[in-house]
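The primary structure of each chain is shown beneath.
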Amino acid sequence: MRPEPGGCCCRRPLRANGCVANGEVRNGYVRSSAAAAAAAAGQIHHVTQNGGLYKRPFNEAFEETPMLVAVLTYVGYGVLTLFGYLRDFLRHWRIEKCHHATERKEQQDFVSLYQDFENFYTRNLYMRIRDNWNRPICSVPGARVDIMERQSHDYNWSFKYTGNIIKGVINMGSYNYLGFARNTGSCQEAAAKVLEEYGVGVCSTRQEIGNLDKHEELEKLVASFLGVEAAMAYGMGFATNSMNIPALVGKGCLILSDELNHASLVLGARLSGATIRIFKHNNMQSLEKLLKDAIVYGQPRTRRPWKKILILVEGIYSMEGSIVRLPEVIALKKKYKAYLYLDEAHSIGALGPTGRGVVDYFGLDPQDVDVMMGTFTKSFGASGGYIGGKKELIDYLRTHSHSAVYATSLSPPVVEQIVTSMKCIMGQDGTTLGKECIQQLAENTRYFRRRLKEMGFIIYGNEDSPVVPLMLYMPAKIGAFGREMLKRNIGVVVVGFPATPIIESRARFCLSAAHTKEILDTALKEIDEVGDLLQLKYSRHRLVPLLDRPFDETTYEETED
Amino acid sequence: MATAAEQWVLVEMVQALYEAPAYHLILEGILILWIIRLLFSKTYKLQERSDLTLKEKEELIEEWQPEPLVPPVSKDHPALNYNVVSGPPSHNIVVNGKKCVNFASFNFLGLLDNARVKAAALASLKKYGVGTCGPRGFYGTFDVHLDLEDRLAKFMKTEEAIIYSYGFATIASAIPAYSKRGDIVFVDRAACFAIQKGLQASRSDIKWFRHNDVADLERLLREQEAEDLKNPRKARVTRRFIVVEGLYMNTGTVCPLPELVKLKYKYKARIFLEESLSFGVLGEHGRGVTEHFGISIDDIDLISANMENSLASVGGFCCGRSFVIDHQRLSGQGYCFSASLPPLLAAAAIEALNIMEENPGIFLVLKEKCERIHKALQGISGLKVVGEPLSPAFHLQLTDSTGSREEDVKLLQEIVNHCMNRGIALTQARYLEKEEKCLPPPSIRVVVTVEQTDEELERAARTLKEAARAVLL
């Protein structure tokens, strides 16, 4: 059901104006443009259209929802809705106690602050399983985490903290890809030192008097890390998108946006005033058609040609676990002279042999991406975001970014955390720690994904993506899975509508370099058990691992039952 | 037989024709004419349908030249080369290598450099590390966040508070969480940029009223009331909001809250109050503009403020009744979709709140200092003070504009540089000139903090006077 539309998780934002949208995309939508035919046949596909562009196998799977499961899921929502109406009826006649906060007496005659249906879902569906989100923690969000135990005596309308702490819960939820969320070690020490010297605040904006030497140091480092001419850092990842896209495009420009782009990209696009058109997720034919039509037909009504076209994509899509088909996107962008805005929120640090994100993963040239955007929240264990690119771009943003003019700059200890962790990844600290972390994460990812597939779960996404969605489908299983896993001392993230399409509720694991083999094995064992308990092993494909191949080239042959 | 019957029918028809009333005949006549017209007129314009051939399309694609991604920025753009601050941006600040007294950072209560705040942040850093690695929903809620929300709610004497990880995103997310397409928002023209962006994201109808002009607001409200009477069905579902700032960032003036509250009940519009400057400044305990006017905080539907000024941390918060605030936990975009506030910043904010609660006298000190420098800056030839005497951030504008904004900015920058060379750090208020709804005239923003001694205040005023004389005369 309702996920806390948390984090970079709700990739199902409101469709923007004038989108060439695709209402019924999901069913049989061609996730891998390559194998349209294969997809239609409901098979997992191994891709390789445009094989020449890819230097490594690009294996992405989105197994089709089994028909029976889909039907049962709809029935489940139907039952929930019926009961919702029933209980609303009971509440209306005061037969059932009303728990939710109500309008003040003095303002009863104001126009209602909320629409009725808006709250129906929250009241009747989300509330039932609300305990699966916002679980408060009281330790470092590392491989294991301490969770504060809470209870509800009124069916999740309110929580009471028992004072107990559930210790050592295996953390499969935090975006701690490289394991830099730590309270010891070089990063913490460096941050502590800066904190003592600088304090935590800045109390001014970059353009006024909040541009510290630390910020300049960070930006130089980010630029060299990304392999671009210049970079600029911002205080919040979300705002990096929403406050900079409007500086780049405006009226008369066209934005082509992946349908599963994050809410921040959607908001930025909408605030820019440009026309927005949506292409199917990671579908290059859909993108090419939009590009071609845009150039050939120009702006609607005025018939003027578009001033410029900006393609918005993400490196790793945090709800699907898919990786953008960057080589093809770049080829298209070059062919049609569009500009490319790449959001590497989840992929920076987490992908590529040197942790430089999706560009590094495909072995491409960062110069081919016009705007390299990413966050420091995830792999670097800090907060904030950056944009990297050509010097002209960054100069322009320094003068025109909403963030630079109106928002407080990054806190100095946070900057120091980013600097230290980034240097570690680059090997500038004189150790191979960073490299080992990157390798560990890649191994963990392959191992964890392979084992889950072998168990018979439906797992979405690319085999190299550390974001691993496990399909649950039915609304009741969302709550059950989250609770059963916590009972077994494993913290997982579960999501449903509206973060996902209504029938595609899922659990999501985020792998980390901090996970040891032992932790992963424990987690896998429990997932296996809960999977049997809740009958989650929907996959109809039997996967046969080919063990004789070297590790990083492992592929699987599948046979239909 | 057949012919006889046919004849009979014909006779009957003719007879019917005679008996029919005249209007009927005329009507039928017109209809017949109409049908004839339809049959013979052109129903559509014949256009030469011309689908582009593949080759033509390719040519078009080949021809199209986009504008560059960004226009070039000239090397001497006034905003391109930032001041570089080495070391902490506290009371004594080193800007571009020059030691200065800070009159530019919004560090009103001097908490940025406070040892207790640093110690609290450090303790938090040692327990939690730096980042949260997740949004609030997914294991990004720390006990510190819950504490801070609790403390803020208690401090402001409201039911609930919600924290955001970025000051700008707070009001910019809060407004679209409530105000949707079709709703009406009445906004002061001097509203800050974050409010403008929130309004834009909400896609509501925006009605701008003149700055702090209650009569103008009432006029708009009355107009809307008249409009509502015409279409009561629509009015029943159209929410109305009044969005104002407590202490205006762009003008340094206080909003006339008591009158606004009266209008709120009269016209049934909810009030959203942005208090980034007034929180921790106005009122006996620093609760902001509601305390300043002695207005019950329950009369305000939502208060939003950032923790980046008085509290000298990072982030923002909204507070109010649970009925209102709780909604943002699922609908506040900047809350749901962003990583949560680093715990060390939350811990610093908690400690700053402690200090505020322990020393309520601090607000009086700040007020006195504001009044002192305000007085001292009166009567500078060429510069006028814009803002109220109790505002710790106010503007110095040119009394006589040169007529071009660019020139004005240059002049003011010379004054700023002059002061900077003499140990007073100041800055111009920066705006995105093309994006602002009502662009304020260029100005130097002076910020008063409790750390500035009387001597330093006098010195700043003196230096500004000298600078104005040197540059403007």
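In this text the structure is predicted, and so the values were computed from the model without any measurement. (Residues numbered from 1 in each chain as written. Chains lettered and ligands numbered in written order. Predicted model: local features only at pLDDT ≥ 70, side-chain atom pairs only at ≥ 80, totals over all residues. Heavy atoms only, no water.)

Digging into the pattern of salt bridges
- Throughout the structure, instances matching the rule amount to 65 salt bridges over all chains.
- Linking Arg-329 of chain B and Glu-149 of chain B is a salt bridge whose minimum nitrogen-to-oxygen distance equals 3.4 Å. Of this pair, Arg-329 of chain B sits in helix α14 (residues 328-331) while Glu-149 of chain B sits in helix α6 (residues 143-156), placing them 180 residues apart in sequence.
- Residue classification places Arg-329 of chain B among the buried residues on the basis of a relative accessible area of 16%.
- Each of Glu-484, Lys-487, Arg-488, Lys-525, Glu-526 and Glu-529 of chain A takes part in salt bridges that share partners, so that together they form one network. (Salt bridge = Lys/Arg side-chain N within 4 Å of Asp/Glu carboxyl O. Helix = DSSP H or I, 4+ residues; strand = E, 2+ residues; numbered from the N terminus. Buried < 20%, exposed > 50% of the residue type's maximum accessible area, 1.4 Å probe, protein only.)

Considering the packing of aromatic side chains
- Tallied over the entire structure, the rule returns 27 aromatic pairs over all chains.
- Geometrically, the ring pair formed by Tyr-85 of chain A and Phe-120 of chain A is tilted, given 4.7 Å between the ring centres and 35 degrees between the ring planes. With Tyr-85 of chain A in helix α2 (residues 67-92) and Phe-120 of chain A in helix α3 (residues 116-124), this pair connects stretches of sequence that are 35 residues apart.
- On the basis of relative accessible area, Tyr-85 of chain A is assigned to the exposed category, the value being 54%.
- Measuring from ring centre to ring centre gives 6.2 Å for Phe-168 of chain B and Phe-193 of chain B, while their planes differ by 50 degrees; the resulting arrangement is tilted. Separated by 25 residues along the polypeptide, Phe-168 of chain B in helix α7 (residues 167-178) and Phe-193 of chain B in helix α8 (residues 193-202) bring together distant segments of the chain.
- Relative accessible area serves as the criterion here: at 1%, Phe-193 of chain B is assigned to the buried category. (Phe/Tyr/Trp six-rings, centres within 6.5 Å; stacked < 30°, edge-to-face > 60°.)

With respect to the confidence of the model for chain B
All names here are of chain B.
- With 97% of its residues at a pLDDT of 70 or more, chain B shows a mean pLDDT of 93.
- Helix α1 (residues 2-19) is the least confidently modelled element of chain B, averaging 75 in pLDDT, while strand β5 (residues 184-188) averages 97, the highest of any element.
- With a pTM of 0.88, the predicted complex shows an ipTM of 0.87. (pLDDT = per-residue confidence, 0-100.)

A word on the interface of chain B and chain A
- Counting residues at the interface gives 114 residues for chain B and 124 residues for chain A.
- With both sides pooled, the region where chain B packs onto chain A buries about 10400 Å², and carbon together with sulfur makes up 65% of that total.
- If you sort the residues of chain B by the area they bury against chain A, Trp-64, Tyr-82 and Tyr-139 of chain B come out on top, with a joint share of 10%.
- There are 5 salt bridges connecting chain B and chain A.
- The closest approach of N and O atoms between Glu-103 of chain A and Arg-270 of chain B, which form a salt bridge, is 2.8 Å.
- Our enumeration of links across chain B and chain A arrives at 48 residue pairs in polar contact (both at pLDDT 80 or more).
- Taken together, the residues of the side of chain B that touches chain A sort by class into 61 nonpolar, 25 polar and 28 charged. (Contact = heavy atoms within 4.5 Å. Buried area = accessible area lost by both parts, 1.4 Å probe. Polar contact = N/O pair within 3.5 Å; in protein donor to acceptor, adjacent residues only side chain to side chain. Nonpolar A, V, L, I, M, F, W, Y, C, P; charged D, E, K, R; others polar.)

Topic: α2 of chain A
All names here are of chain A.
- Its 26 residues place the ends of α2 37 Å apart at the C-alpha level, agreeing with the 38 Å of an ideal helix rising 1.5 Å per residue.
- Where α2 is concerned, the buried positions are Val-69, Ala-70, Thr-73, Tyr-77, Leu-80, Gly-84, Asp-88 and Arg-91.
- One or two positions beyond α2, positive phi appears at Arg-94, with a value near 60 degrees. (Expected span 1.5 Å × (residues − 1).)

Topic: empty space enclosed by the protein
- Going through the model one piece at a time under the given rule, you end up with 11 cavities of 30 Å³ or more.
- Of the pockets and cavities examined, the largest cavity occupies roughly 400 Å³.
- Considering the residues around the largest cavity, the lining is formed by 29 residues, among which Tyr-406 of chain A together with Phe-168, Cys-192, Met-249 and Asn-306 of chain B are closest to the centre.
- Mapped by element, the contributors of at least two residues to the lining of the largest cavity are α12 (402-406) of chain A together with α7 and α8 of chain B.
- In terms of residue count, α7 of chain B provides more of the lining of the largest cavity than any other element does, 3 residues in total.
- Along the lines of polarity and charge, the residues of the lining of the largest cavity split into 14 nonpolar, 8 polar and 7 charged.
- Roughly 220 Å³ of volume is contained in the second largest cavity.
- Lining the second largest cavity we find 29 residues, and of these Met-236, Gly-237, Phe-238 and Thr-377 of chain A together with Ser-338 of chain B sit closest to its centre.
- Top element by residues in the lining of the second largest cavity is helix α6 (residues 237-248) of chain A. It accounts for 3 residues.
- Partitioning the lining of the second largest cavity into residue classes produces 13 nonpolar, 13 polar and 3 charged. (1 Å grid on protein atoms, 1.4 Å probe; cavity = no way out; pocket = protein on both sides within 12 Å on 5 of 7 lines; lining within 4 Å. Points joined across faces, edges and corners; volume = space filled by probe spheres on them.)

Remarks on the sheet that holds strand β7 (residues 240-245) of chain B
Residues and elements named next belong to chain B.
- The strand order β4-β10-β9-β8-β7-β5-β6 describes an open sheet built from 7 strands, whose pairing is mixed. Only two strands of the sheet have a single partner each, and these edge strands are β4 (160-164) and β6 (205-209). On average, each strand axis in the sheet is inclined to that of its neighbour by 20 degrees, with strand direction left out of account.
- For β4 and strand β10 (residues 316-320), the ladder comprises 5 bridges, and the chain directions are antiparallel. (Pairing = 2+ DSSP bridges. Axes fitted to C-alpha atoms, helices over the stretch in contact; angles between N-to-C directions.)

Describing the UniProt feature "transmembrane region" (unreviewed entry) in chain B
Residues and elements named next belong to chain B.
- Feature annotation in UniProt places "transmembrane region" (unreviewed entry) on residues 20-40 and 161-179, given in this structure's numbering.
- Along residues 20-40 the backbone is 90% helical and 0% strand, and the end-to-end C-alpha distance reaches 29 Å.
- Annotated as residues 161-179, this span is 63% helix and 21% strand, and its ends, taken at the C-alpha atoms, are 19 Å apart. (UniProt positions renumbered as here; feature names shortened; annotations may be inferred.)

Side note on helix α16 (residues 517-533) of chain A
- Here α16 of chain A spans 24 Å end to end across 17 residues, near enough to the 24 Å set by a 1.5 Å rise per residue.
- Among the residues making up α16 of chain A, those that are buried are Ile-519, Leu-520, Ala-523, Leu-524, Glu-526, Ile-527, Val-530 and Gly-531 of chain A.

Focus: the environment of Asn-283 of chain A
- When you line up the elements, Asn-283 of chain A lands in the loop between β6 (275-279) and α8 (284-297).
- In this structure the C-alpha to C-alpha distance between Asn-283 of chain A and Val-324 of chain A, which are 41 residues apart in sequence, comes to 9.3 Å.

With respect to the nonpolar core
- Core analysis: the biggest nonpolar cluster contains 247 residues, and Leu-452 and Phe-481 of chain A have the highest contact counts within it.
- At 11 residues, helix α16 (residues 343-358) of chain B tops the list of elements feeding residues into this core.
- Non-local contacts of Phe-481 of chain A, meaning those with residues more than four positions away in its chain, are made with Leu-472, Val-492, Val-494, Ala-507, Phe-509, Val-530, Leu-534 and Leu-536 of chain A.
- Core analysis: the next-biggest nonpolar cluster, separate from the first, contains 47 residues, Leu-113 of chain A together with Tyr-166, Ala-172 and Leu-302 of chain B among them. (Core = buried A, V, L, I, M, F, W, Y, C linked by side-chain atoms within 4.5 Å.)

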